[in-house]
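# Structural description and commentary
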Amino acid sequence: MDSTCTESSTGTGAEKDKAAADLTKATPAPTAAAAPDIQSHDTFVIRKTLSLTAGEYVVSVARPDGSEGEPVAYAREKRLSLRGQVTVYTDASRKSVLAAFKGRDHEVGYMYDVRDASGQPFGSFYEDAGASFLRRTWQVRQPGTMKLTGRERSRVVAFVRFVWEFVPYLEYVPFIWPYRFQYTESGKPLMTVTKKLGLHTRYVLEILAPDIDRRLAIAHTLALDALEVD
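Residues numbered from 1 in each chain as written. Predicted model: local features only at pLDDT ≥ 70, side-chain atom pairs only at ≥ 80, totals over all residues. Heavy atoms only, no water.

## Here we look at the side chain of R135
Defined as follows: Put simply, DSSP H or I for four residues or longer makes a helix, DSSP E for two residues or longer makes a strand, and each gets a number counted from the N terminus. A simple rule labels every residue: compare its accessible area, found with a 1.4 Å probe on the protein chains alone, to the largest value its type can have, and call it buried under 20%, exposed over 50%, or partly exposed in between. In this tally, Asp and Glu contribute negative charge and Lys and Arg positive charge; neither His nor the terminal groups of the chain are included. One side-chain nitrogen of Lys or Arg within 4 Å of one carboxyl oxygen of Asp or Glu is enough to make a salt bridge. Polar contacts here mean pairs of N or O atoms no more than 3.5 Å apart (in protein, one a potential hydrogen donor and the other a potential acceptor; neighbouring residues in sequence count only if both atoms are side-chain atoms).
Structurally, R135 can be placed in the loop between β7 (121–127) and β8 (137–142). Within the buried core, R135 has no salt-bridge partner, and the shortest N-O distance to an opposite charge, that of E152, equals 6.4 Å. A polar contact of 2.5 Å, which involves the side chain of R135, links it to the backbone oxygen of E152.

Now the structure itself:
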């Protein structure tokens, strides 16, 4: 041990620099560049598939014809687990976190904080219980940038959804009819989420404002589905 310490203390500056460089290479820190460039895209397709134990989500950039293009995010929601906690990854290996949200008790009811890979919050959303009595309404917050109010556009579909929840046994079944949420700030449309009709669960997320964090928008869209059956 003494000889090692002596060699370390008497080594040349070049040797020390090389050792420091080798240590840095051995334990690289994650960088934002490793995440997909999603902020430059405005339209995404979210597809969900079901297994016996989980729901799998794949988020892709939408092509001009509306079909699924490059996958940019993945998520997995365990069915039988506590709802309200979903992690979004940058790829199918689920090794790199893009964002995550988890619910907590709040004066508004239940608040969902959205955090980045380091655990730092960068947005939140919650269901406006008072406004959601007949038309489901969400508040999406991006501190210092956006305060969006998302509401179902169709009163008819909203009413059917409301009745659906009170039919015996159907309250445990996801609502199958397509619907659309429009998100506004001071009456200006800034984002929409549309559930498509089809054999598979698909959503189209359209963002009309460049300042909206795509990670927050994607996380909230996943929540619309994951929190459908409480």
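Continuing now.
## Here's the deal with the environment of T192
Defined as follows: What makes two residues a contact is simply this: any of their non-hydrogen atoms within 4.5 Å.
Relative to the elements of secondary structure, T192 occurs in strand β11 (residues 188–196). Its relative accessible area of 4% is what places T192 among the buried residues. A C-alpha to C-alpha distance of 9.5 Å links T192 and R151, two positions 41 residues apart in sequence. Setting aside anything within four residues of it in sequence, one finds T192 in contact with R180, F181, Q182, Y183, V204, L205 and E206.

## With respect to the sheet that holds strand β3 (residues 68–78)
Pairing between the strands of a sheet is mediated by backbone hydrogen bonds and can be parallel or antiparallel. Selection criterion: Here the rule is simple: two strands pair whenever DSSP picks up at least two bridges between them. To obtain each axis, a line is fitted to C-alpha atoms, and for helices this fit is confined to the stretch in contact; angles are then taken between N-to-C directions over 0 to 180 degrees.
In spatial order, the strands read β1-β2-β3-β4-β5-β6-β7-β8-β9-β10-β11-β12; together these 12 strands close into a barrel with antiparallel pairing. Within the sheet, the average angular offset between the axes of one strand and its neighbour, ignoring direction, is 20°. Where strand β1 (residues 43–50) lies against strand β12 (residues 201–207), six bridges are found, and the strand directions are antiparallel. Within β12, the residue paired with F44 across the bridge is L205.

## Brief notes about the pairing of β8
Burial analysis of β8 places five of its six residues in the buried class, the great majority of the element. With four bridges joining them, β7 and β8 adopt antiparallel strand pairing. Bridge pairing in β8 places F125 opposite V140. Sheet topology note: the β8/strand β9 (residues 146–152) ladder contains six bridges and is antiparallel. Residue pairing in the sheet places R141 in a bridge with K147 of β9. Between β8 and β9, which pair antiparallel one after the other, the connecting turn spans three residues, and G144 there sits at a positive phi close to 80°.

## Topic: the nonpolar core
For clarity, the cut-off: Only buried Ala, Val, Leu, Ile, Met, Phe, Trp, Tyr and Cys residues count toward a nonpolar core, and they belong to the same one when joined by side-chain atoms within 4.5 Å.
Ranked by internal contacts, the top residues of the largest apolar core, which has 42 residues, are F44, F101, F125, L205 and I212. In terms of residues, this core owes the most to one element, helix α4 (residues 214–226), which gives eight residues. Among all residues touching F125, those that are not within four sequence positions of it are F101, Y110, M111, Y112, V114, W138, Q139, V140, L216, A219, H220 and A223.

## Digging into the confidence of the model for the protein chain
Our working definition: pLDDT runs from 0 to 100 and stands for how confident the predictor is about each residue.
Mean pLDDT over the protein chain: 79, with 68% of residues reaching 70 or higher. Segment residues 1–35 is flagged for pLDDT under 50; beyond a separation of four residues in sequence, or across chains, it makes five contacts in the model.

## Looking at the environment of K147
One can find K147 in strand β9. K147 gets classed as exposed once you look at its relative accessible area, which sits at 56%. Between the C-alpha atoms of K147 and G123, which are 24 residues apart in sequence, the distance is 10.0 Å. Residue contacts for K147: discarding those within four places in its chain leaves V140, R141, T184 and E185.

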